[in-house]
Amino acid sequence: QVQLVESGGGLVQPGGSLRLSCAASGRISSFYVMGWYRQAPGNQRELVASIGSGGNTNYADSVKGRFTISRDSAKNTVYLQMYSLKSEDTAVYYCNLHLLLIGNIYWGQGTQVTVSS
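Computed from a prediction, not measured in an experiment: that's the story for all the values here.

Chemist: What should I look at first to understand the nonpolar core in this one?
Modeler: Considering soluble globular proteins, one finds that nonpolar side chains tend to be buried as a cluster. In this structure, L4, M34, W36, L80, M82 and Y93 are the most contacted members of the largest nonpolar core, which totals 31 residues. Among the elements of the structure, β3 (18–25), β4 (32–39), β5 (46–52), β7 (67–72), β8 (77–82), β9 (91–99) and β11 (111–115) are those that each provide at least two residues to this core. For this core, the leading source of residues is β9, giving 5 residues. Apart from residues lying up to four places away in sequence, Y93 is in contact with E6, L20, W36, Y37, R38, V48, F67, L80, M82, G110, T111 and V113.

Structure (structure tokens):
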């Protein structure tokens, strides 16, 4: 069974930085996409950034140039470094793992990011 454990959320002032981590455990195939989604109250869950097993990355337009997704394959961990945070970045951030060969999708429990002065 695959499990995703997130950490790193919290309260930060506008313009500040945070780094989220997501550690995956269990049986993970070689072909996958890991990503971060977020959901603000009243909004749908949206993709923030993703990284494939080949290293290719994808970002939402709203975070390009401010957020960076990276991974440590040896630790099965993906990171989301967030800079220049804005109030509109406030949301619960969810880690996501999509195993491409079997089609399974897993979600973390979510971590709250609040950007406020």
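Additional details are given in the paragraphs that follow.
Chemist: Which parts of the structure should I look at to understand unusual backbone geometry?
Modeler: Most of the time, phi is negative for any residue but glycine, and the peptide bond is trans. In this structure, N76 takes a positive phi of about 50° despite not being glycine. Turning to its location among the elements, N76 is positioned in the loop between β7 and β8. For S84, which is not a glycine, the phi torsion comes out positive at approximately 50°. Assignment of secondary structure puts S84 in the loop between β8 and β9. Since its relative accessible area comes to 39%, S84 is described here as partly exposed.

Chemist: Whenever I open this one, the side chain of R66 confuses me. Can you help?
Modeler: Residue placement: R66 occurs in the loop between β6 (57–59) and β7. Among the polar contacts listed, one links the side chain of R66 to the backbone oxygen of S84, at a separation of 2.9 Å. With residues up to four places along the chain from it excluded, the contact list for R66 reads Q81, M82, Y83, S84, L85, K86 and D89.

Chemist: What exactly am I supposed to notice about the pattern of salt bridges here?
Modeler: Pairs can form between side chains of opposite charge once their charged atoms are near each other. Overall, the coordinates contain 4 salt bridges when judged by the stated rule. The salt bridge involving K64 is made with D61; its shortest N-O contact spans 3.1 Å. Look at D61 and you get exposed, because its relative accessible area is 64%. Taken together, the salt bridges that share partners define one network made up of R38, E46, R66 and D89.

Chemist: Whenever I open this one, the state of the cysteines confuses me. Can you help?
Modeler: Chemically, a disulfide is nothing more than a covalent bond linking the sulfur atoms of two cysteines. One pass over the structure, following the stated rule, counts 1 disulfide. At a sulfur-sulfur separation of 2.0 Å, the disulfide partner of C22 is C95. A torsion of -85° about the S-S bond marks the disulfide between C22 and C95 as left-handed. Of this pair, C22 sits in strand β3 while C95 sits in strand β9, and the two are 73 residues apart along the sequence. An identical accessibility class is assigned to C22 and C95; each is buried.

Basis of the calculations
- Here the residue numbering is sequential within each chain, running from 1 through the sequence in written order.
- Residue-level local features of this predicted model are given only where pLDDT is at least 70; pairs of side-chain atoms are given and counted only at 80 or more, and the full residue set underlies all totals for whole chains, interfaces and linings.
- Calculated side-chain values reflect all of the structure's heavy atoms, with hydrogen atoms and water omitted.
- Residues enter a nonpolar core if they are buried and are Ala, Val, Leu, Ile, Met, Phe, Trp, Tyr or Cys, with the set joined through side-chain atoms within 4.5 Å.
- Burial here depends on accessible area, computed with a 1.4 Å probe over protein chains only, as a share of the maximum for the residue type. Under 20% is buried, over 50% is exposed, and the range in between is partly exposed.
- Helix numbers and strand numbers start at the N terminus; a helix is a DSSP run of H or I with at least 4 residues, a strand a run of E with at least 2.
- Any pair of residues with heavy atoms lying within 4.5 Å of one another is described as a contacting pair.
- Whenever a nitrogen or oxygen atom comes within 3.5 Å of another N or O atom, the pair is scored as a polar contact, on the condition that within protein one atom can donate a hydrogen and the other can accept it, and that pairs from neighbouring residues in sequence are kept only if both atoms are in side chains.
- Only one rule defines a salt bridge in this text: a Lys or Arg side-chain nitrogen within 4 Å of an Asp or Glu carboxyl oxygen.
- By definition, disulfides here are pairs of cysteine sulfur atoms that lie within 2.5 Å.

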